[in-house]
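# Tertiary structure, described
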Amino acid sequence: MSVNRRRVAIVGAGPIGMEAALAAAQRGYAVSVYEAGSVGEHWRRFSWVRLFTPFHLNASERGRTTLRRSGVALPPDAAILTAGETLRQYLEPLANLPELSGCVHERCRVGAIGREGIIKPQAIAATGDAARVGRPFVLRLEPETEPPRFASADIVIDASGTYATPCATGAGGLPAIGEEHLATRIERHLPDLLGSARSRYAGQRILLIGGGHSAATALVAFEELAAQGEPAAVSWVHPVPRATSADPFATIEGDTLPERHALTTRANRVAREAAWLTRYPGATVTRYESRGGSVRATVERPVGEAVALEASRVLALVGYRPDTVLTRELHVHHCYATEGPMGLASAVLAAASASPDAAGDCLKQTTHGAETLRTPEPGFFILGAKSYGRNPQFLMTLGHRQIDDVMSLVEADEAAARAPTAG
Ligand SMILES: Cc1cc2nc3c(=O)[nH]c(=O)nc-3n(C[C@H](O)[C@H](O)[C@H](O)COP(=O)(O)OP(=O)(O)OC[C@H]3O[C@@H](n4cnc5c(N)ncnc54)[C@H](O)[C@@H]3O)c2cc1C
């Protein structure tokens with residue numbers, strides 16, 4: 001291992017943060033990973049969900065090789081595992097590798113990131129001011145059991161994902177009236193309907209909102225509950241299906257991910273046939289009112305009058321957004337559509353408009369060159385799910401390639417800084 005004591009701070013010990021930590025540690029950087037919860041915190045929240053992608057797409061070549069070399073027995077490359085199994089069999093052993101010993105600080109949220117001695121309006125690269133280059137970063141750490149403190153770093157990788165910041169459920173993506181008062185009656189992450197969340201859902205009146213794979217997973221679980229004799233009465237507010245199909249979930253012709261194909265096919269059948277399900281395609285929730293132990297939601301249909309729905313619980317699976325407040329003091333240019341970093345987002349959007357069919361299939365996403373991962377803030381990179389912002393097409397296999405790209409950028413910048421200047 002080469003020795004390079006430049007300090008790399010990584011925000012988030014999710015699958016991409018941990019892979020980035022290993023890559024940086026193996027290059028000799030002094031690595032600190034700050035994690036709000038535990039290693040793989042977001043995977044823990046949907047640990048029972050079977051991932052679509054096989055093991056070798058969820059674990060980097062570097063990680064698998066290093067673990068095998070250190071004697072850890074890994075699942076077969078083609079294995080389809082749950083998030084919890086992948087956490088236990090891969091991510092936790094990765095975090096326990098000797099090269100990452102002492103690097104991971106769990107229950108230590110990063111509250112904000114800035115640049116030592118420089119505030120946002122100062123040192124703007126576009127005006128020719130290079131004062132940010134080489135200036136250390138300052139991170140405001142908020143450990144769970146200790147007072148906040150500052151930490152310093154030369155390079156920062158933000159791999160904090162999006163799962164901690166759910167989107168709102170109301171008209172135009174805004175919070176519906178009263179949404180802010182629903183604290184315990186609304187769930188915004190996929191619950192384990194057949195396990196720990198069963199008592200909250202079985203036999204209850206539920207308002208389900210959302211039209212992505214999480215909503216499909218919930219519908220399939222509601223079908224299981226019904227088959228086990230405990231049906232919930234589900235009202236489902238979801239986007240209008242694509243014009244080419246009456247089915248709410250798009251299936252991909254010749255899908256090479258059988259788990260994804262099975263999920264969307266089954267969820268479409270549930271949507272067509274389930275007697276316990278009432279659909280509100282294209283409708284919007286505009287208002288919530290708490291009524292004793294239940295919620296009354298006003299749902300406006302695209303055509304026709306509004307309806308009032310009573311539910312004991314709202315399950316809102318309407319997507320997640322990046323936490324842009326974290327980097328408010330830095331020079332980060334966010335995409336107007338996705339809130340991802342602009343360089344990458346514009347490459348992704350250009351690829352999507354050039355090939356609209358591929359845009360709906362996360363497996364067809366590619367990387368777009370190391371330079372697209374730069375932000376206007378030198379030495380600051382956003383990787384992983386957060387790099388895609390509100391675009392849900394991110395897959396871990398892309399994140400593994402992003403890490404290699406960023407490492408090559410950082411090394412090239414260091415080599416350029418060491419090179420003698422001409423003249
Ligand atoms: C139900 C579901 C199924 C999925 N299935 C697949 C699949 O099959 N294949 C696939 O490739 N992808 C899948 N994904 C997407 C998957 O979640 C991501 O690919 C992967 O988790 C992204 O990893 P990440 O490290 O970028 O972010 P995350 O896994 O979201 O990790 C971010 C980490 O940062 C921490 N964090 C957040 N904010 C802070 C802060 N301020 N300070 C410190 N720490 C912080 C979090 O606690 C978390 O541990 C799925 C997602 C969901 C929700």
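As shown above, the structure is provided for reference.
Analysis parameters
- Residues take numbers from 1 onward in each chain, read along the sequence in its written order.
- Residue-level local features of this predicted model are given only where pLDDT is at least 70; pairs of side-chain atoms are given and counted only at 80 or more, and the full residue set underlies all totals for whole chains, interfaces and linings.
- Hydrogen atoms and water are omitted, and side-chain values are computed over all heavy atoms in the structure.
- Three labels apply to residues, based on accessible area from a 1.4 Å probe with only protein chains included: buried if under 20% of the type maximum, exposed if over 50%, partly exposed otherwise in between.
- Runs of H or I in DSSP of at least four residues are treated as helices and runs of E of at least two as strands, each being numbered from the N terminus.
- Two strands make a pair as long as DSSP finds a minimum of two bridges between them.
- Every axis in this analysis is a line fitted to C-alpha atoms, fitted for helices over the stretch in contact. Angles between the N-to-C directions lie between 0 and 180 degrees.
- The nearness test applies per residue and asks whether one of its heavy atoms lies within 4 Å of the molecule or strand.
- Any pair of nitrogen or oxygen atoms within 3.5 Å is treated as a polar contact; in protein, a donor-acceptor pairing is required on top of that, and neighbouring residues in sequence qualify only through side-chain atoms on both sides.
- Shrake-Rupley sampling with a 1.4 Å probe provides the accessible areas, and residues are treated as covered by the protein chains on show and by no other component.
- As a working rule, the residues Ala, Val, Leu, Ile, Met, Phe, Trp, Tyr, Cys and Pro are called nonpolar, Asp, Glu, Lys and Arg charged, and the rest polar, with Gly in that last group.
- Note on aromatic contacts: the rings of Phe and Tyr and the six-membered ring of Trp form a pair at centre separations within 6.5 Å, being stacked when their planes are under 30 degrees apart, edge-to-face when over 60 apart, and tilted otherwise.
- For a Lys NZ or an Arg CZ to count as sitting over a ring, it must be within 6 Å of the ring centre and within 35 degrees of the ring normal.

### Quick notes on the pairing of strand β4 (residues 108–115)
Both faces of the sheet carry side chains from a regular strand, because those side chains alternate between them. Of all the 8 residues making up β4, 6 are buried; the element is thus mostly covered by neighbouring parts of the structure. Relative to strand β5 (residues 137–143), β4 runs antiparallel, the two sharing 7 bridges. Looking across to β5, one finds that glycine 114 is bridged to valine 138.

### Examining the sheet that holds strand β14 (residues 306–311)
Reading across the sheet, the 3 strands line up as β12-β13-β14 and stay open at both edges, with antiparallel pairing between neighbours. Looking at strand neighbours, the two that pair on one side only are β12 (284–291) and β14, the edges of this open sheet. When the angles between neighbouring strand axes are averaged without regard to direction, this sheet yields 20 degrees. With 7 bridges connecting them, β12 and strand β13 (residues 294–300) associate as antiparallel partners. Bridge assignment links threonine 284 to a residue of β13, and that residue is glutamate 300.

### Considerations on the site of the ligand
The ligand sits among 27 residues. The nearest are Glu35, His42, Phe52, Thr53 and Ala385. In this structure, a nitrogen atom belonging to the ligand sits 2.9 Å away from a main-chain N or O atom of valine 110. When the ligand is considered free in solution it has 990 Å² of accessible area, and contact with the protein chains removes 89% of it. Mapped onto the shell around the ligand, the elements with two or more residues apiece are α1 (15–26), α2 (41–45) and β4. Looking at side-chain class alone, the shell around the ligand contains 16 nonpolar, 8 polar and 3 charged residues.

### Description of the packing of aromatic side chains
As enumerated under the stated definition, the model contains 8 aromatic pairs in all. A centroid spacing of 6.5 Å and a plane angle of 50 degrees characterise the contact between phenylalanine 137 and phenylalanine 380, whose relative ring orientation is tilted. With phenylalanine 137 in strand β5 and phenylalanine 380 in strand β16 (residues 380–382), this residue pair connects regions lying 243 residues apart in the sequence. The aromatic ring of phenylalanine 137 is capped on one face by arginine 115, whose charged end is 3.8 Å from the ring centroid.

In short, geometric facts, not functional conclusions.
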